[in-house]
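# Architecture at a glance
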Amino acid sequence: EKENTNNKRLNMIQNIFRGMLKPKMKQILVTNSGLKNSRLNTVYSLRISRDKVHYVEKSKLMKNRVDFDMSTQNLILNGEPMKESAIQWFFDKVYQAGVDLSHKRSQMFKELL
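Residues numbered from 1 in each chain as written. Predicted model: local features only at pLDDT ≥ 70, side-chain atom pairs only at ≥ 80, totals over all residues. Heavy atoms only, no water.

### Looking at unusual backbone geometry
Unlike most non-glycine residues, lysine 24 shows phi in positive territory, near 75°. Looking at the secondary structure, you find lysine 24 in the loop between helix 1 (2–20) and strand 1 (25–31). Residues other than glycine seldom take positive phi values, yet glutamine 73 does so here, at roughly 55°. Relative to the helices and strands, glutamine 73 is located in the loop between strand 4 (63–69) and strand 5 (74–77). (Helix = DSSP H or I, 4+ residues; strand = E, 2+ residues; numbered from the N terminus.)

### Points about the pattern of salt bridges
Scanning the model with the defined rule gives six salt bridges in all. A salt bridge links arginine 18 to aspartate 51; the shortest N-O distance between them is 3.6 Å. In this pair, arginine 18 is assigned in helix 1 and aspartate 51 in the loop between strand 2 (43–49) and strand 3 (52–58), connecting sequence segments 33 residues apart. The class of arginine 18 is partly exposed, set by a relative accessible area of 39%. Residue aspartate 51 is classed as partly exposed on the basis of its relative accessible area, which comes to 36%. With a closest N to O distance of 3.1 Å, aspartate 100 and arginine 105 form a salt bridge. Taking relative accessible area as the criterion, arginine 105 reaches 38% and is therefore assigned partly exposed. (Salt bridge = Lys/Arg side-chain N within 4 Å of Asp/Glu carboxyl O. Buried < 20%, exposed > 50% of the residue type's maximum accessible area, 1.4 Å probe, protein only.)

### Remarks on the packing of aromatic side chains
Following the criterion strictly, the structure yields four aromatic pairs and no others. Ring centres 6.2 Å apart and planes at 25° place the aromatic pair tyrosine 44 and tyrosine 55 in the stacked group. Separated by eleven residues along the polypeptide, tyrosine 44 in strand 2 and tyrosine 55 in strand 3 bring together distant segments of the chain. The class of tyrosine 44 is buried, set by a relative accessible area of 7%. A ring pair is formed by tyrosine 55 and tryptophan 89, whose centres lie 6.4 Å apart and whose planes are at 80°; its orientation type is edge-to-face. Linking tyrosine 55 in strand 3 with tryptophan 89 in helix 2 (residues 84–102), this pair joins segments that are 34 residues apart in sequence. (Phe/Tyr/Trp six-rings, centres within 6.5 Å; stacked < 30°, edge-to-face > 60°.)

### Regarding the pairing of strand 1
If a strand is regular, its side chains alternate between the two faces of the sheet. The element strand 1 is extensively covered by neighbouring structure, given that six of its seven residues are classed as buried. When strand 1 meets strand 7 (residues 107–112), the two strands line up antiparallel, connected through six bridges. Counterpart to valine 30 in the pairing with strand 7 is methionine 108. Looking at chain direction, strand 1 and strand 2 are connected through five bridges and run antiparallel. Counted as the bridge partner of threonine 31 is serine 45 from strand 2. (Pairing = 2+ DSSP bridges.)

### Looking at the nonpolar core
Counting 24 residues, the largest nonpolar core has Phe17, Leu46, Phe68, Leu75, Met82 and Phe90 as its most contacted members. Counting only elements with at least two residues in this core, the list comes to helix 1, strand 1, strand 2, strand 3, strand 4, strand 5 and helix 2. For this core, the element with the highest residue contribution is helix 2, accounting for six residues. With near-sequence residues (within four places) excluded, phenylalanine 68 lies in contact with Leu10, Ile13, Gln14, Phe17, Asp51, Lys52, Val53, Gln73, Asn74, Leu75 and Phe90. (Core = buried A, V, L, I, M, F, W, Y, C linked by side-chain atoms within 4.5 Å. Contact = heavy atoms within 4.5 Å.)

Next comes the structure, spelled out in structure tokens:
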């Protein structure tokens, strides 16, 4: 059942990303790196293109990178295949990026074709 739940999460993430990338857009970058916020402990960037997603987050204590190939649903976390237990973590990060965007705590940049 956990695998089924994770598959649903992956499909939801994929649909969110594909929905954000409108026709004539090459890629989108969502980041909080340009914002002045004294409470900003973690900086992230989420780069979305047609079939690939790259997520990087950095703080003073850690750095994580996720590479998501949407054509194969292959998820790589810090150079290793993502464990099932980390899929919820990634789902939460994607959700938080969307919340940040809607509350103007992050910015979106679009690159057109």
